[in-house]
Amino acid sequence: MRFQLTDDQRALRAGVRELLTARFGRERLRAAMDAAETPELDRGLWRELGTAGFFSLRLPEAAGGVGLGLPEAVLAFEEAGRVLLPGPLIATHLAAGVVPGAATGETVVTVVDGGGVVEWLGAADVVRGDAAGAVPMRSADPLTPLHRVAGPDSGDRTDVLLTSLLSAAEQLGTAARVCELAAQHARTREQFGRPIGAFQAVQQLCAGILVRVELARAAVYAAAVTADPADIAAARLLADEAAVRGARDCLQVHGGMGFTWESDVHLHLKRAWVRARRPGSVTECEEVLAETLLSEAR
Amino acid sequence: MDLSDTPQEVEFRARLREWLGKALPSLPTKPSPDDWPGRRAYDLGWQRTLYDAGYGDVHWGADPAVRMIFLEETEKAGAPYVGANFVGLLHAGPTIAAEGTGEQRARWLPPVLRGEEVWCQGFSEPDAGSDLAALRTRARRDGDDYVVSGSKIWTSHAEVADWCELLVRTDPDAPKHRGITWLAMPMDAPGITVRPLRTLAGTDEFAEVFLDEVRVPVANRVGEENDGWRVTMVTLSFERGTAFVGEVVACRRVLGELALAARENGRWDDPVLRRRLGRLNAEFRALWRLTQWNVSEASEGVPGVGGSVFKLRYSHARQELYEAAAEVLGEGGAALDLEQPWVLDRLSSLSYTIAAGTSQIQHSIVAERVLGLPKGR
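On a predicted model such as this, the values are computed, not experimentally measured, just so you know.

What counts, and where the lines are drawn
- Residues numbered from 1 in each chain as written.
- Chains lettered and ligands numbered in written order.
- Predicted model: local features only at pLDDT ≥ 70, side-chain atom pairs only at ≥ 80, totals over all residues.
- Heavy atoms only, no water.
- Pairing = 2+ DSSP bridges.
- Helix = DSSP H or I, 4+ residues; strand = E, 2+ residues; numbered from the N terminus.
- Axes fitted to C-alpha atoms, helices over the stretch in contact; angles between N-to-C directions.
- Expected span 1.5 Å × (residues − 1).
- Buried < 20%, exposed > 50% of the residue type's maximum accessible area, 1.4 Å probe, protein only.
- Contact = heavy atoms within 4.5 Å.
- Bend = angle between axes of the 7 residues up to and from the residue.
- Disulfide = S-S within 2.5 Å.
- UniProt positions renumbered as here; feature names shortened; annotations may be inferred.
- Parallel < 35°, antiparallel > 145°, perpendicular 65-115°, else oblique.
- Nonpolar A, V, L, I, M, F, W, Y, C, P; charged D, E, K, R; others polar.
- Buried area = accessible area lost by both parts, 1.4 Å probe.
- Salt bridge = Lys/Arg side-chain N within 4 Å of Asp/Glu carboxyl O.
- Polar contact = N/O pair within 3.5 Å; in protein donor to acceptor, adjacent residues only side chain to side chain.

Examining the sheet that holds strand β2 (residues 117-119) of chain A
Residue and element names in this part refer to chain A.
- Spatially, β2-β5-β4 is the arrangement adopted by the three strands of the open sheet, whose pairing is antiparallel. In this open sheet, the two strands that pair with only one neighbour each are β2 and β4 (135-137). When strand polarity is set aside, the average angle formed by the axes of neighbouring strands in this sheet is 35°.
- The sheet contact formed by β4 and strand β5 (residues 146-148) spans three bridges and is antiparallel. Within β5, the position partnered with Met 137 by the bridge is Leu 146.

Right, here's the structure in full:
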């Protein structure tokens, strides 16, 4: 057993991080959210992601893809989650090889997958599923436009499972990032003549964020290796928890600054909320895991 | 990221399984928890069996991944865990192996591996719990002996131990971490009084040990005088990663039993309870993956703080597991009946967030050592 990342996987992670830092750093993030009432999708960046292999990562090389597997995809989506990369990333990734142009980033794909909302409907070239009667809403996340839609999911269990797993990977990235932000602030912000991180109450908050990140990481990576539905359900539950609770606790550590528009913390929390509402809900995951207990104990 | 066994691991697992299948049926009956001589004989006997089969040193000789397979397979097969050999195999032994002289290793290690001698731990004191370095048990030098006076607490297996790994203060004037020395104290030395302590679960799980002018030869000192804190840190870091492998396997089995019991008595129809068990399944699956992650890191020689992260979450999860068990037992007072399965476990699980460093201390360790927050208190 060698659960650790291979050297190639480490290199892939570093490469994705480098690309995203260069092309979607903090300034770009803030500019994107202040640009318009409804955010625009950056087509140039989308094509660059396509060129870099973000969407074709798991397509066989014979089909023009990179020929890698779910573990690599999970690492890439974790990085996307860290920087809050906008766009229907998962839907387009899953459409690679199915919808022409998705793999290269020429075509933007979104999906109606039964969650009651659909992301980035206006920007998508191709919509998988039935988006008839979709109504725009004011999205809580300034970087994810949402429509309310009544359509059922596509019925494709594999796609629902993979969406859940890649969504968990994005949540993991957010959770890890807010952990860093919380620790950074706790190390530098001074009150009572010392950094607030010297207070046990603050230490406890920060340590709690980290514990949830590390547990979620083990669950998400393992699910990427096994692709087992119960493992994916566990990964989803723990990653959602790590991201949402982590962002809330990070906000708390930031005090008044955390409540401002200027801070990035709320962006992480809002995105984490959007991802947590994706299909494969908490209830579903818990029921899958309960049922697995019976089938495995028999 | 690879969760499959290497060819060597496949081979080890298969060989171990086959051996367990033959060895376990001839195991003697497990003694009652109050029968200390019986427990000693049982635990030493199992260690001897392991030793004869070539598994005696698996806890400290082996690669962490092999140790993990050993713990996983023995738990799944229902084999005993280390029991009274815990300190000898997982604390004192590895410390002596790392820090002892050749003579000390030759004297103390083989009897531990062969299942002949039991060790206990004399670390905590009534006024030195989380703040272990505040310990006050005094040792003054008198010729070739240290003369030790003071008291220790929470000492498991003290009744039946042959040796005690003992932390004493040899320099009361030095800063608290600098005046501590690690000694191996023979438990039959004059001046030692052992008083059993009853736990809230009603068992005599551990004891207080009173030391009145106990003479311990200077030759029994491991490491330098006043260097005992560093020696101790070697001990405490040893079991990190694999300490709870068997327990996580056991918890996952209990969770399956809870599900079956709930379906049997109709509680399974309650979606709130069902989902609670589902959530616990996520928790313990992830804890198992975290164990595998930590073991992989340990195999690569990465020191890591996975131990504290794991312990924080696991100790809490274990308590939640037995809270859920009480729900499964349902109406009619079953959850208050100590004869029912899981009820005693619910009580004993309460020690998990306290023993081996409270959750509060673990949070500070994680905050300071992993996240780089300034030292608090």
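Having seen the model, we can carry on.
Description of helix α8 (residues 229-254) of chain A
All names here are of chain A.
- Counted at 1.5 Å a residue, the expected span for α8 with its 26 residues is 38 Å, and the 37 Å between its end C-alpha atoms agrees.
- Burial runs high along α8: 20 of the 26 residues are buried.
- Gly 255 occupies a position one or two residues after α8 and carries a positive phi of about 60°.

Side note on the environment of Gly44(A)
Residue and element names in this part refer to chain A.
- Secondary-structure assignment places Gly 44 in helix α3 (residues 43-52).
- Taking the relative accessible area as the measure of exposure, Gly 44 reaches 31% and is therefore partly exposed.
- For the pair Gly 44 and Glu 106, spaced 62 residues apart in sequence, the C-alpha to C-alpha distance is 9.4 Å.

Examining the environment of Val328(B)
- By the element assignment, Val328(B) lies in helix α9 (residues 306-329).
- Each residue touching Val328(B), except ones within four places of it in the same chain, is listed here: Leu258(B), Ala261(B), Ala262(B), Asn265(B), Arg267(B), Leu273(B) and Leu277(B).

A closer look at helix α4 (residues 86-99) of chain B
Residue and element names in this part refer to chain B.
- Here α4 contains 14 residues, and its C-alpha end-to-end distance of 19 Å stays within 8% of the 20 Å for a straight helix at 1.5 Å per residue.
- Where α4 bends most, at Ala 92, the angle is about 40°, and the proline Pro 94 comes one to four residues later.
- All of the buried residues along α4 are Val 87, Gly 88, Leu 89, Leu 90, His 91, Ala 92, Gly 93, Pro 94, Thr 95 and Ile 96.

A look at the state of the cysteines
- Within the structure shown, the criterion is met by zero disulfides over all chains.
- No disulfide involves Cys206(A); its sulfur sits 7.2 Å from that of Cys179(A), the nearest cysteine.

As for the UniProt feature "domain: Acyl-CoA oxidase/dehydrogenase middle" (unreviewed entry) in chain B
- UniProt feature "domain: Acyl-CoA oxidase/dehydrogenase middle" (unreviewed entry): in the numbering of this structure it lies at residues 120-213 of chain B.
- Regarding residues 120-213 of chain B, the helix share stands at 0% and the strand share at 51%, and the terminal C-alpha atoms are separated by 19 Å.

Regarding the packing of helix α10 (residues 282-297) of chain A against helix α8 (residues 271-299) of chain B
- α8(B) packs onto α10(A) with a crossing angle of 80° between their chain directions and a minimal axis gap of 7 Å. By the criterion of interaxial angle, the relationship of α10(A) to α8(B) is roughly perpendicular. Note on element contacts: α8(B) touches α10(A) through Arg274(B), Arg275(B), Leu277(B), Gly278(B), Arg279(B), Asn281(B), Ala282(B) and Arg285(B), opposite Val282(A), Thr283(A), Glu286(A), Glu287(A), Leu289(A), Ala290(A), Thr292(A), Leu293(A) and Glu296(A).
- Across the contact of α10(A) with α8(B), the residue classes tally to six nonpolar, four polar and seven charged.

What to know about the interface of chain A and chain B
- Taken residue by residue, the interface counts 56 residues in chain A and 50 residues in chain B.
- In total, about 4800 Å² of surface goes out of reach between chain A and chain B, with carbon and sulfur atoms giving 63% of it.
- In terms of surface lost to chain B, no three residues of chain A exceed Met1(A), Gln4(A) and Leu293(A), which account for 18% of the buried area on that side.
- On the surface where chain A and chain B come into contact, there are eight salt bridges.
- Our enumeration of links across chain A and chain B arrives at 20 residue pairs in polar contact (both at pLDDT 80 or more).
- Contributions of two or more residues to the side of chain A that touches chain B are made by α1 (7-23), α4 (70-82), α6 (157-188), β7 (194-195), α7 (200-226), α8 and α10 of chain A.
- Partitioned by chemical class, the residues of the side of chain A that touches chain B number 30 nonpolar, eleven polar and 15 charged.

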